[in-house]
Amino acid sequence: MTPSGKRVALVLGAGGMKGLAHVGVLRVLESMKVEVDEYIGCSVGAVLGALAAAGRTSGDILRLWSTVRREQIMDFNSFGLLSEGIKTRSLFRGDRLRAWLAAHLPAGDFTTLRKPLYVVSVELNSGVTCVWGAPGFTACPIADAVYASCAIPGLFPPRKIGDFHFIDGATADSLPVGVAAAHGCGAILAVNLQYLDYTAARPVQDAGLVSIIGRANTIMGHTMARMSLERYAGAPIIEIRPRVSGHGVLDFAGAEHLVREGMRATMRALGGNPLLK
């Protein structure tokens, strides 16, 4: 089913723990024998993209991702909050997330991967978007670039790489289809986890700071994804839109539902699409 002579890019968008829907997407692509030529990831999409680009199957990734627990990646920054107050950098220290990524992502830099991987993050002070894996940006350790792409402002501290400090790629581009368009890919499969269905979204105004930050992140990502898709409307994009707007960015429950939604959305988007024959 892979398009003859066409380069296929898989763009895995931001969305925190909604990212399990990406596993469902990968599972359907495997079953349809759609070969992905390059992976482009933002935030949680960078995590899944790095695993897939290293050759891990959807089954491998699901087994790994299903074992993730809140305490493995969230280390409350109580000392920083007590000693520095509002001057502290984040609610979580980020040490556990960095350790988890270092333990489970491919070791080495972008040149060691089986397939090309591009990871989006944003330099905090300049606001410039950085695409790790692009020419001149391949020597960075994969785990560092992925952490930088996941560093949600206010929740996790920025990642210093060289002389610069990087934050969540979703701050500027939650669904980086422009990267694939610039590469001239013949089919761009764009998995949009940030689509906000207001009829399905849960009220979060009384759910606490983390939930409010998560919803704000989703609103911002939803807006930017729509802008990006409109900007590249002439590109060969197939948008895959799992219905996961009722799932919290840091909600660790509901793995089965998320995977099923990713599968369902992929089959709905790809079935009979002329870009894939």
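Up top you'll find the structure we're talking about.
Residues numbered from 1 in each chain as written. Predicted model: local features only at pLDDT ≥ 70, side-chain atom pairs only at ≥ 80, totals over all residues. Heavy atoms only, no water.

1. A few points about the overall build of the protein
Within the protein, the secondary structure is distributed over ten helices and eight strands. Against the 2.2 N^0.38 benchmark of 19 Å for 277 residues, the protein shows a C-alpha radius of gyration of 18 Å, consistent with a compact globule. Across its three principal directions, the C-alpha atoms of the protein cover 60 × 45 × 35 Å. The burial tally for the protein puts 55% of its 277 residues in the buried class. In the protein, of all internal contacts separated by at least 6 residues, the share reaching a separation of at least 24 is 75%. Accessible surface, the protein as shown: approximately 12,100 Å² in total, 56% of it carbon and sulfur. With 28 positive and 22 negative side-chain charges, the protein shows a spacing of 4 Å between the two charge centroids. (Helix = DSSP H or I, 4+ residues; strand = E, 2+ residues; numbered from the N terminus. Rg over C-alpha atoms; globule rule 2.2 N^0.38 Å. Buried < 20%, exposed > 50% of the residue type's maximum accessible area, 1.4 Å probe, protein only. Contact = heavy atoms within 4.5 Å. Areas by Shrake-Rupley, 256 points an atom, 1.4 Å probe, with all protein chains shown as cover. Lys, Arg positive; Asp, Glu negative; His and termini not counted. Charge placed at Lys NZ, Arg CZ, Asp CG, Glu CD.)

2. Focus: the side chain of serine 149
Within the secondary structure, serine 149 sits in helix α7 (residues 142–150). Given the relative accessible area of 0%, serine 149 is considered buried. Polar contacts involving the side chain of serine 149 include one to the main-chain carbonyl oxygen of valine 120, which spans 2.6 Å. Not counting residues within four places of it along the chain, the set of residues in contact with serine 149 comprises Gly41, Cys42, Ser43, Ala46, Val119, Val120, Ser121, Ile167, Asp168 and Gly169. (Polar contact = N/O pair within 3.5 Å; in protein donor to acceptor, adjacent residues only side chain to side chain.)

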